[in-house]
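# Structure at a glance
The lines below spell out each chain.
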Amino acid sequence: MAQLSDDCFAFGGPLMAVDEAVRLIAERVTRVADIETVPLASADGRILAGDLTAPLPLPPFTNSAVDGYAVASRDLPREVARSFPLAGRVQAGAAAQAAQAGHAVRIFTGAPMPEGTDTVFMQEDVSIDEAGRVVLPAGLKPGANVRPAGEDIPQGSVALQAGQRLRPQDVALAAAFGLTELNVVRRLRVAVFSTGDEVASPGTPRRAAQLFDSNRFMLLSMLKRLGCEVSDLGILRDDRAALARGLKQVASAHDLILTTGGVSTGEEDHVKAAVESVGKLVLWRMAIKPGRPVAMGIIDGTPLIGLPGNPVASFVTFVHVVRPTVLALSGANPAPLIPMPVRAAFSYKKKTGRREYVRVFLHRREDGTLEAQKFPREGAGLLSSLVETDGLAELAEGVTNVEPGDSIGFLFYASLL
Ligand code: AMP
Ligand code: MG
């Protein structure tokens, strides 16, 4: 378990910028040290524990990139086509053989280059004359259509860096080296609680003034997408002692505790007091909308993040606070989110000094450019606004006004996790 000091989330300013939060987290969170070995087929999404150095060059031997005819570059016809007698045939998987001087060798994609040849004519570019010789046109460059050993990755170079969150193409690279398993950081164990007397768990009776708990299932799903092992710990009542007991109980067995609800400053927001009674807590007043204060705490060395209860605020603050924390705890590269420029199809006014995320639909216009249309309503409680839209438009701190036609940044939901 990575133990954090009680004051690691302390912050001096009144309002915390989103980038500041991400930077603070990256600086102050220590990664878990436990490493495990997983077979390649289970490595997708895991965090590589150490640099992977190429044990062989890729490709491992020089081979032909096409089906055609291999020759020595010194024999290449320069001005006019020339015919070559054929000698030998080498297909993919066959042992390399030496070529006869002045001859062309029939060769296929992936086959090793015959000794003495270094250039391949594509079969589409040649003809065979009556004598059965191959007629090679002039003008081909020496070395054409050949894949030299190590051109992709030289032996001994760092092919994947520690902290890489493994994608299918990364797993492919490890397989290309002949590896069967990889060392990865063990999955983070994350405890998730909802809080609130008005929240009922799906599958249990709902009183008239209750709503079913949606956030917990959203957060559990988001955490799983980030590769975490999750403990679903249900709902804690709006009661300081019960909250404190619940949180304290799970701290030592988890790398991170996540709660939703109860972190505003109302009288019935008990998470703050509960954490203070068993650990240390600071409220981060973040310069972000939607999103209210986010609670950052430490209980027995385990970090706690208290997200707001409104589903959209919970979603957006997850992306900017929980995601970087999970990445930092698991030693993953920070992977900053990169919005892509699209055209705004709406007007919007905002205050400076805070970053806003607008739920938008993405459309392709007739001229092929992409346009973001705002979801018609703004409430932070509207789950439909997250369900129906394609992603978030990011309006930077300095922006006060968006007009149709302005270029704005867009993040697909799929790119956030
Ligand atoms: P709170 O942050 O506790 O003040 O809650 C803000 C709003 O979010 C209230 O309307 C809550 O009913 C709602 N809310 C809190 N927790 C959840 C939850 N787990 N699922 C859905 N809505 C919630
Ligand atoms: Mg509440």
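Attention in this report is confined to the structure presented alongside it. (Residues numbered from 1 in each chain as written. Chains lettered and ligands numbered in written order. Predicted model: local features only at pLDDT ≥ 70, side-chain atom pairs only at ≥ 80, totals over all residues. Heavy atoms only, no water.)

### Structural notes on the packing of helix α1 (residues 18-28) against helix α6 (residues 311-329)
At a closest axis distance of 9 Å, the pairing of α1 and α6 adopts a crossing angle of 20 degrees. Here α1 is positioned roughly parallel relative to α6, judged by the angle of their axes. Handedness of the crossing formed by α1 with α6: right-handed. Residue-level inspection shows Val18, Val22, Ile25 and Ala26 of α1 in contact with α6, the latter providing His320, Val321, Pro324, Thr325 and Ala328. Split by residue class, the contact of α1 with α6 holds seven nonpolar, two polar and no charged. (Axes fitted to C-alpha atoms, helices over the stretch in contact; angles between N-to-C directions. Helix = DSSP H or I, 4+ residues; strand = E, 2+ residues; numbered from the N terminus. Parallel < 35°, antiparallel > 145°, perpendicular 65-115°, else oblique. Left-handed = near helix turned anticlockwise from the far one by under 90°. Contact = heavy atoms within 4.5 Å. Nonpolar A, V, L, I, M, F, W, Y, C, P; charged D, E, K, R; others polar.)

### With respect to the site of ligand 1
In the vicinity of ligand 1 there are 14 residues, among which Glu198, Asp213, Gly262, Arg292 and Gly309 approach most closely. A distance of 3.5 Å separates a nitrogen atom of ligand 1 from a polar atom in the side chain of Ser194. Between ligand 1 and Gly262 there is a distance of 2.8 Å, counted from an oxygen atom to a backbone nitrogen or oxygen. Protein chains bury 80% of the 480 Å² of accessible surface belonging to ligand 1 in isolation. (Near = heavy atom within 4 Å. Polar contact = N/O pair within 3.5 Å; in protein donor to acceptor, adjacent residues only side chain to side chain. Areas by Shrake-Rupley, 256 points an atom, 1.4 Å probe, with all protein chains shown as cover.)

### Describing the side chain of Thr317
If you trace the backbone, Thr317 turns up in helix α6. Using a relative accessible area of 1% as the deciding quantity, one classes Thr317 as buried. Other than its neighbours up to four places away in sequence, Thr317 contacts Gly291, Val294, Leu307, Pro308 and Val322. (Buried < 20%, exposed > 50% of the residue type's maximum accessible area, 1.4 Å probe, protein only.)

### A short note on the nonpolar core
Counting 52 residues, the largest nonpolar core has Leu223, Leu258, Trp284, Ile305, Phe315, Phe318 and Val322 as its most contacted members. Only α1, β14 (189-195), α3 (215-225), β18 (256-260), β21 (294-299), β22 (302-307) and α6 provide two or more residues apiece to this core. With eleven residues, the single largest contributor to this core is α6. Not counting chain neighbours up to four residues away, the residues in contact with Val322 comprise Leu223, Leu256, Leu258, Ile305, Leu307 and Thr317. Counting residues in hydrophobic clusters, the runner-up holds 18 residues, among them Val263, Leu281, Ala295 and Leu304. (Core = buried A, V, L, I, M, F, W, Y, C linked by side-chain atoms within 4.5 Å.)

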